[in-house]
Amino acid sequence: MGVPSSGEFCVQRKVLAESALDELGRRRTHSTKPPLAQRVKDSLRCSVPGLKRAVLKWVPVLSWLPQYSIRENAVGDIVSGLSVGIMHLPQGMAYALLASLTPVFGLYTSLFPVMIYFIFGTSRHISIGTFAVVSIMVGSVTEKFGPDSNFVVGGNGTNGTAVVDIDARDAYRVQISCALTAVVGVLQILFGLVRFGFVVTYLSEPLVRGYTTAVAVQVLLSQLKYVVGVHTTRFTGPLSQVYTLIDLCSLLPKTNIATLVISIVALFVLILVKELNTYYRKKLPMSIPIELIVLIVATIISYFAKFRTHYGVDVVGAIPSGLKAPRVPDGNLFILVFPDAFAIVIVAYAISISISKTMALKHGYKVDSNQELVALGLSNVFGAFFQCYVVTASLSRSLVQESAGGKTQVAGVVSSIIVLITILKIGSLFAELPKAILATIVFVNLKGMFKQFNDIPLLWKSNKMDLMIWSVTWVATILLNLDIGLAVAVVFSMLTVIFRIQLPRYSILGHVPGTELYVDMDAYEEAKLIPGVTIFRSSATICYTNAEMYLEALQEKSGINIIEQLTEKKKLENKLKRQQEKEKKKAKKAAKKLQVDVNSEQNPSVKKKGKKHQTVHVSPTEVGPVYGGFDGQVNSAYQMDPEVSDACPADDDDSAKENGGVKTEERHRTHSVILDLSTTSFVDTVTAKTLNNIFRDFGEIDVSVYIAGCQVCIVQQLKRAGIFSESILLNNLFVTVHDAVLHTLERQAQKNVSQDLSCITKM
């Protein structure tokens, strides 16, 4: 079909009902997919090519590593790996504090899971390891099941002199984090194997951004104690953040001035240099590793100035060198942490897959969402044996890895080598590092999350429903904690979808003159109503949640109240029946009088005797309608009531007979209703029953109903639902609204209407 240079087109064809389209397009009577049994058989069939495809799918590194180009990729991967490795060191130690663990476990988490993702991951640019959101979620679990109150060994907790066994507490929290990581990993693997990667689609972007913003606030509150140098009480459960803030405010008079000064200076330097990195990003060969520089400088100053002993500054403490032997997580804790694992599974995967897809779209490759779940799961399960906690992708490190020239996950291997060297040789040197420095590093890396508060004015202008989702998510997460807040956010988000389906926009469509287009009459001034035809459309799928409202809106928009019409029809039928019975009685009386007069003329004696009786003279033209041929048979329609006569005009005798002689004023205005189902995506039993009722009820008041714009799957579902019968034919289904309109006008002999509705349409 050629496209004219003028941008116009002209189509001439017959009006197509669905049955005519089946014949014209030769609809397939069978599916092109192989049967289920054949597909199962093919999936279970073992062959060398099939085995190779399966291995390459589940172990993606085997598909790209043999083809790795050292000349093209090696330099970029090494440079980006060094940059990311340098970022891993401060972030790993800082985020470990969010997880309520000692800093060395953050370094472990930046090492082992990265190596596993290198083998099984499908994204080339994301940096796996510690992340603030997941770290604070893990910390909420470790603090809930390993609070300080469980490890008091002396003193009095009521007067603040309680002594906590720090070593025992930290060891138990490591066990909890390892058990939690193992459970999260197993769940991720299972979800990936059953192809459950689509679950992240239920987390809308406003929900994720509202949730991560709320988590950023919680991270801020959890790290403020290190910035001001006070020891706050740990709270868990709903309103824990409120209690933490109140407790922190009450302890502000006890602020350690030295710690506060260290925090302010470090914060100023970090923000200043990071802004310079952003401003001169294109001119610098690589970003200035200011976090690592601050880490080293602060450690040196703290060591020589003796911050811990002279000023009471809280420091990291001894960091063991070397790697620990693998240890099986405590299985007795699996049941304990299982409920909390679900929220972490969803959030960790949502963050990772969103970053992965963003990078893949930018560089023109695809990521397998289900394989990503498996890769994260294997990374977590393997890491749990080496005392790591839950990992996900980090946006800041991923951006650095991509901007520094990284092309593959070889960059991740290089960063792991940097972390490994630190653990083996350098880690113990950071024993005098103030915890306030780690807290400020966390604060600076939360900048991107806090910028998400700018979503509020943008969503206010663009979509207030999404703003409501963002706000409810944020408030619920702050007040009810991370797990319950996420559940509330997901439920509320799903409810908004249900409400949108349940309360769609209903509209009457009008014809745009000179085209075959039918648009909402409330939105377009030039849209014209077709005389006698009502075209109705819903903006959402008709289903059990809105089927009743669909019928009510149809009656309201079309101005046809079926109950009133049926009631009026019954009243007119009853009135007509009474009138007919009355006329029958009058006709019988007139016939008797006429018979008496005839007998009187034939028998004069009777006439004389009946002087009191008056003779009635009836001309043949008057008698004719009463009894044809003077045979005494009386017509029951004699002297019809004027109201009934008006209701049954002579030019529509056939329809008057079919309707019992009843024809209401509404019948004159609307003779056809066309239901535009182009927006319908599925049909349930309630929908089929509703459509059946519409056909039946409107048919009783002599209004024809047609369906237009159905997708092929909808037609098949309607057939399976048994909606088509002797009363509802497949010919009542039309390909487009225009086809249905032309059919109705042809049937009603109203082609000469003011609108140009011919089968030839010019645009």
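Values in this document were obtained by computation on a predicted structure and should not be read as measured data.

This paragraph deals with helix H23 (residues 482-502). With 21 residues, H23 should cover 30 Å at 1.5 Å per step; its first-to-last C-alpha distance of 30 Å lies within 8% of that length. Every buried residue of H23 is listed here: Leu482, Gly485, Leu486, Ala489, Ser493 and Thr496. Down the axis of H23, the sector holding all buried residues measures 100 degrees, keeping them to one side. In this structure, the buried residues of H23 make contact with helix H8 (132-145), helix H10 (205-228), helix H15 (334-363) and helix H22 (464-480).

Taken together, the side chains of Phe268, Leu272, Leu276, Tyr279, Tyr280, Leu284, Ile288, Ile293, Val297 and Ile301 define a hydrophobic patch exposed on the protein surface, amounting to about 940 Å² of accessible area. For the nonpolar patch, the elements supplying multiple residues, two or more each, are helix H12 (257-279) and helix H13 (290-305). The greatest single-element share of the nonpolar patch, amounting to four residues, is contributed by H12. With respect to the secondary-structure elements, Leu272 resides in helix H12. Using a relative accessible area of 45% as the deciding quantity, one classes Leu272 as partly exposed.

We now examine the packing of H8 against H15. Where H8 contacts H15, the two axes come as close as 10 Å, and the packing angle between them is 175 degrees. It follows that H8 is roughly antiparallel to H15 by the angle criterion. Residues Val133, Val134, Met137, Val138, Val141, Lys144 and Phe145 of H8 pack against Leu336, Val337, Asp340, Ala343, Ile344, Val347, Ala348 and Ile351 of H15. Considering only residue class, the contact of H8 with H15 consists of 13 nonpolar, no polar and two charged.

Opposite charge on two side chains lets them pair, provided their charged atoms get close. This model, assessed by the stated rule, comprises 15 salt bridges. Between Asp148 and Arg169 there is a salt bridge; the shortest N-O distance is 2.9 Å. Highlighted residues: Asp148 in the loop between H8 and strand S3 (152-154) and Arg169 in helix H9 (residues 166-193), separated in sequence by 21 residues. Exposure remark for Asp148: the relative accessible area of 22% places this residue in the partly exposed category. With a shortest N-O distance of 3.8 Å, Arg500 and Asp466 are connected by a salt bridge.

Here we take up the sheet that holds strand S11 (residues 733-734). Spatial ordering of the open sheet is given by S7-S6-S8-S9-S10-S11, a layout of six strands whose pairing is mixed. Every other strand in the sheet has two partners, leaving strand S7 (518-520) and S11 as the edge strands with one partner each. Bridge count for strand S8 (residues 533-538) against strand S9 (residues 672-676) is five bridges, and the pairing is parallel. The residue of S9 that forms the bridge with Val533 is Ser672.

Quick notes on the rules
Residues numbered from 1 in each chain as written. Predicted model: local features only at pLDDT ≥ 70, side-chain atom pairs only at ≥ 80, totals over all residues. Heavy atoms only, no water. Helix = DSSP H or I, 4+ residues; strand = E, 2+ residues; numbered from the N terminus. Expected span 1.5 Å × (residues − 1). Buried < 20%, exposed > 50% of the residue type's maximum accessible area, 1.4 Å probe, protein only. Arc of directions from axis to C-beta. Contact = heavy atoms within 4.5 Å. Patch = residues over 30% accessible without salt bridge, like charges linked within 9 Å, V, L, I, M, F, W, Y side chains within 5 Å. Areas by Shrake-Rupley, 256 points an atom, 1.4 Å probe, with all protein chains shown as cover. Salt bridge = Lys/Arg side-chain N within 4 Å of Asp/Glu carboxyl O. Axes fitted to C-alpha atoms, helices over the stretch in contact; angles between N-to-C directions. Parallel < 35°, antiparallel > 145°, perpendicular 65-115°, else oblique. Nonpolar A, V, L, I, M, F, W, Y, C, P; charged D, E, K, R; others polar. Pairing = 2+ DSSP bridges.

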